[in-house]
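# Summary of structural features
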Amino acid sequence: QVQLVESGGGSVQAGGSMRLTCAASGRTFSSYAMGWFRQAPGKERDIVAGITWSGGSTYYADSVKDRFTISRDNVKNAVYLQMNSLKPEDTAIYYCAAREGQLSRRYVEYDYWGQGTQVTVSS
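Let me begin by describing the structure that accompanies this report. Here the structure is a predicted model, which is why all the values come from computation and not from measurement.

### Thoughts on the side chain of Arg67
Within the element layout of this structure, Arg67 appears in the loop between β6 (58-60) and β7 (68-73). Judged by its relative accessible area of 10%, Arg67 falls in the buried class. A polar contact is formed between the side chain of Arg67 and the backbone oxygen of Ser85, at a distance of 2.9 Å. Residues within four places of Arg67 in sequence aside, it is in contact with Gln82, Met83, Asn84, Ser85, Leu86, Lys87 and Asp90.

### Examining the pairing of strand β8 (residues 78-83)
In terms of residue burial, β8 counts as a mostly covered element, since 5 of its 6 residues are buried. In this structure, strand β3 (residues 18-26) lies alongside β8, joined through 6 bridges in antiparallel fashion. By the bridge assignment, Met18 is partnered in β8 with Met83. Of the pairings in the sheet, the one linking β7 to β8 comprises 6 bridges and is antiparallel in character. Opposite Ile70, over in β8, you have Leu81 as the bridge partner.

Analysis parameters
Residues numbered from 1 in each chain as written. Predicted model: local features only at pLDDT ≥ 70, side-chain atom pairs only at ≥ 80, totals over all residues. Heavy atoms only, no water. Helix = DSSP H or I, 4+ residues; strand = E, 2+ residues; numbered from the N terminus. Buried < 20%, exposed > 50% of the residue type's maximum accessible area, 1.4 Å probe, protein only. Polar contact = N/O pair within 3.5 Å; in protein donor to acceptor, adjacent residues only side chain to side chain. Contact = heavy atoms within 4.5 Å. Pairing = 2+ DSSP bridges.

The structure is reproduced here in structure tokens:
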């Protein structure tokens, strides 16, 4: 069992930056692939970025490439999402998720979820 708690959301103007943190507790965090997902009102939950258990490989959705960076610290049991050059279309609830095994882009394949944190980008 893994418990995930997101923090760092809030409101920012377009062009600004924000850093989300996902704090994990429970079983061996370092054995889990981690993903950041987001869901806007009326839309599906989509992956934003993912990172393998070692941090050696990452994935980014095309819409956030070159603007967002995912990283993890297996000593602190945390995963981060640095978001730069934010746009109004980045407005959504952002969720942290964990799964055993390989990194996946599909939200249905993740076993554990945080409660989500709201990110609002104004123009």
